[in-house]
Amino acid sequence: MSAHSITDAVEELCRTLPSHVTLVAAAKTRTPDEVRTAIEGGLTHVGHNYVQEAEKMINSLGRDVKWHLIGHLQRNKAKKAAELFDMVETLDSWRTAQALDRHCGAMGKIMPVLVEINSGLEPAKAGVFPDEADDLAMRLGELRHLRLEGLMTMGPVTDEPEEARPYFRTTRETFERLKTAGIPNADVRWLSMGMSSTYRAAIDEGANMVRIGTKLFGDRA
Ligand SMILES: *Cc1c(COP(=O)(O)O)cnc(C)c1O
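Residues numbered from 1 in each chain as written. Predicted model: local features only at pLDDT ≥ 70, side-chain atom pairs only at ≥ 80, totals over all residues. Heavy atoms only, no water.

Asker: So what exactly am I meant to see when it comes to the overall build of the protein here?
Answerer: From N to C terminus, the protein includes nine helices and eight strands. In terms of C-alpha radius of gyration, the protein reaches 17 Å, essentially the compact-globule figure of 17 Å for 221 residues. Its C-alpha atoms give the protein principal-axis dimensions of roughly 45 × 40 × 30 Å. The buried share of the protein, taken over its 221 residues, is 51%. Considering only residue pairs separated by 6 or more positions, the protein has 61% of its internal contacts joining residues 24 or more positions apart. Within the structure as shown, the protein displays about 10,300 Å² of accessible surface, and the carbon and sulfur contribution to it stands at 48%. Taken as two groups, the 28 positive and 32 negative side-chain charges of the protein have centres that lie 5 Å from each other. (Helix = DSSP H or I, 4+ residues; strand = E, 2+ residues; numbered from the N terminus. Rg over C-alpha atoms; globule rule 2.2 N^0.38 Å. Buried < 20%, exposed > 50% of the residue type's maximum accessible area, 1.4 Å probe, protein only. Contact = heavy atoms within 4.5 Å. Areas by Shrake-Rupley, 256 points an atom, 1.4 Å probe, with all protein chains shown as cover. Lys, Arg positive; Asp, Glu negative; His and termini not counted. Charge placed at Lys NZ, Arg CZ, Asp CG, Glu CD.)

What follows is the structure, given as structure tokens:
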């Protein structure tokens, strides 16, 4: 997409999203120049799927925006993730959580994290099943250098908002349950769900964080 249309897309989304919804640009496969254009247009949060590519992008674009990890976190990348990101949206294992906590502790940093929910119950996919979320969330309460701030879900791949809705609803129910579960050291307030084709349905179902790539930057090559 041309710089002009990225600027227009950011402007339009910022104008039309409800004010309680945080827009996170999904930057995978994009160039630093494309993301810079979006930032200059008013974007404040950038999500990246890959730790190494995020590092390059952060080095080139700086830290005036918030950087979110939105791809799967492998345990051997926990140190880099601790250094680079302002939020990890995709925590789904206790072992990775412990590693991330240890590296954040060494840096004197508290990392906001979301637990990724595998709302479609798809065995090959990342995330914890909704009925496992409470257990992981409670254990996260023991880790002093992570702060649980909510949930994230992808749901089964679909461009059809009505097909995505039940998975958003399940995640919302899990979110409401965790909010009142009395988890120590937690501040459960972010529900990250919805992408370019499904974000309106996600917001209807309670999302207050949306991750959008195509609608901002155009189709991926
Ligand atoms: C790519 C991606 C998005 C955005 O997808 P679009 O359909 O391009 O808006 C959102 N979340 C995650 C985790 C992604 O990998």
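Asker: Where do I start with the layout of surface pockets in this structure?
Answerer: One number sums up the size of the largest pocket: a volume of about 690 Å³. Along the walls of the largest pocket sit 36 residues, with K28, M154, G155, M195 and R211 positioned nearest its centre. Counting only elements with at least two residues in the lining of the largest pocket, the list comes to strand 5 (111-117), strand 6 (146-153), helix 7 (161-179) and strand 8 (209-212). If one sorts the elements of the lining of the largest pocket by residue count, helix 7 sits on top with three residues. For the lining of the largest pocket, the per-class residue count stands at 13 nonpolar, 16 polar and seven charged. (1 Å grid on protein atoms, 1.4 Å probe; cavity = no way out; pocket = protein on both sides within 12 Å on 5 of 7 lines; lining within 4 Å. Points joined across faces, edges and corners; volume = space filled by probe spheres on them. Nonpolar A, V, L, I, M, F, W, Y, C, P; charged D, E, K, R; others polar.)

Asker: Sorry if this is basic, but what is going on with the site of the ligand here?
Answerer: Looking at the ligand, there are 13 residues lining it, with K28, N49, S196, G213 and T214 nearest. K28 places a polar side-chain atom, nitrogen or oxygen, 2.8 Å from an oxygen atom of the ligand. A distance of 2.8 Å is found between an oxygen atom of the ligand and a backbone nitrogen or oxygen belonging to G213. Within the complex, the protein chains bury 93% of what would otherwise be the 390 Å² of accessible surface of the ligand. Here the ligand is seated within the largest pocket. Classifying every residue of the shell around the ligand gives six nonpolar, four polar and three charged. (Near = heavy atom within 4 Å. Polar contact = N/O pair within 3.5 Å; in protein donor to acceptor, adjacent residues only side chain to side chain. Sits in = over half its atoms within 2 Å of the grid points.)

Asker: Please clarify how helix 5 (residues 94-107) should be interpreted in this entry.
Answerer: It helps to recall that an α-helix has 3.6 residues per turn; residues three or four apart then point in one direction. Taking 1.5 Å as the rise per residue, helix 5 with 14 residues should run 20 Å; its terminal C-alpha atoms sit 20 Å apart, in good agreement. Listed as buried for helix 5 are W94, T96, A97, A99, L100, D101, H103 and C104. Where helix 5 begins, the capping side chain belongs to S93, and its oxygen is found 3.4 Å from the backbone nitrogen of R95. Directly after helix 5, the chain includes G108, whose backbone phi takes a positive value near 70 degrees. (Expected span 1.5 Å × (residues − 1).)

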